[in-house]
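# Reading the structure
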Amino acid sequence: QVQLVESGGGLVQAGGSLRLSCAASGRPFSVYTMGWFRQAPGKEREFVAAIRWSGNSTYYADSVKGRFTISRDNAKNTVYLQMNSLGPEDTAVYYCNSVVMGKDGLGYPGVDYWGKGTLVTVSS
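Let me begin by describing the structure that accompanies this report. (Residues numbered from 1 in each chain as written. Predicted model: local features only at pLDDT ≥ 70, side-chain atom pairs only at ≥ 80, totals over all residues. Heavy atoms only, no water.)

## A look at the pairing of strand β5 (residues 46-51)
To be explicit about the condition: When accessible area is computed with a 1.4 Å probe and restricted to protein chains, residues below 20% of their type maximum are described as buried, those above 50% as exposed, and intermediate ones as partly exposed. Only DSSP runs of H or I covering at least 4 residues are called helices, and only runs of E covering at least 2 are called strands; the numbering of each starts at the N terminus. Only strands joined by at least two bridges in the DSSP assignment are considered to pair.
Summarising burial for β5: 5 of the 6 residues are buried, a large majority. By the bridge criterion, 5 bridges tie strand β4 (residues 34-39) to β5 in an arrangement that is antiparallel. Note on β5: the bridge partner recorded for Met34 is Ile51. A loop of 6 residues connects β4 with β5, the two strands running antiparallel in sequence, and Gly42 in this loop sits at a positive phi of about 75°. The turn linking β5 back onto strand β6 (residues 58-60) is made up of 6 residues, and Gly55 within it adopts a positive phi angle of 85°.

Printed below as a string of structure tokens:
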């Protein structure tokens, strides 16, 4: 059974930083591209960032480029998202999942399963 457990969210002031973690189990996620998605209140879930299994290739949504950094530790089946220079527009519930990269440069969820996510709230 697939399990994705996100953590690290919280309340932070604009300009601050947070580091999210995602612990995956139930599948050999070390061979998959993994990534993060987020869903803001009243909006659809959107792609944020992804990282290939080797860690050599990363992908980011335009809205977070230069501010967010994705990384992974395959030995721990864990994916991280370092978020810097946060703004109120980053307020959302953040989810991790395996990712399929589209030709449009965006990532799409690889499995039809979502964890509970972790809430990030950025105050202005």
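## Some words on the sheet that holds strand β8 (residues 78-83)
What counts is decided by this rule: Here the axes come from fitting lines to C-alpha atoms, over the contacting stretch only for helices, and the angles between their N-to-C directions go from 0 to 180 degrees.
Read from one edge of the open sheet, 4 strands run β1-β3-β8-β7, paired in antiparallel fashion. The outermost strands of the open sheet, each flanked by one partner alone, are β1 (3-7) and β7 (68-73). Sheet twist, expressed as the average angle between the axes of neighbouring strands with direction ignored, equals 15°. With 5 bridges connecting them, β1 and strand β3 (residues 18-25) associate as antiparallel partners.

## Concerning the side chain of Thr118
Formally: Here a polar contact is taken to be a pair of N or O atoms separated by no more than 3.5 Å, where protein atoms must pair a possible hydrogen donor with a possible acceptor and residues adjacent in sequence count only if both atoms sit in side chains. Whether two residues touch is decided by their heavy atoms; if any such pair falls within 4.5 Å, the residues are in contact.
In this fold, Thr118 is placed in strand β11 (residues 118-123). Assessed through its relative accessible area of 9%, Thr118 is described here as buried. Looking at Thr118, its side chain comes within polar contact range of the main-chain nitrogen of Gly9, at 2.9 Å. When near neighbours in sequence (up to four residues on either side) are disregarded, Thr118 contacts Glu6, Ser7, Gly8, Gly9, Leu20, Ala92, Val93 and Tyr94.

## Description of the state of the cysteines
We apply this condition: We call a pair of cysteine sulfur atoms a disulfide when they lie within 2.5 Å.
The final tally for this structure, using the stated rule, is 1 disulfide. Across a sulfur-sulfur distance of 1.7 Å, Cys22 and Cys96 are joined as a disulfide pair. Disulfide Cys22-Cys96: the torsion about the S-S bond is 40°, which places it as right-handed. Placement of the pair is Cys22 in strand β3 and Cys96 in strand β9 (residues 92-101), with a sequence separation of 74 residues. Looking at Cys22, the relative accessible area reads 0%, which means it is buried. The exposure class assigned to Cys96 is buried, which follows from its relative accessible area of 0%.

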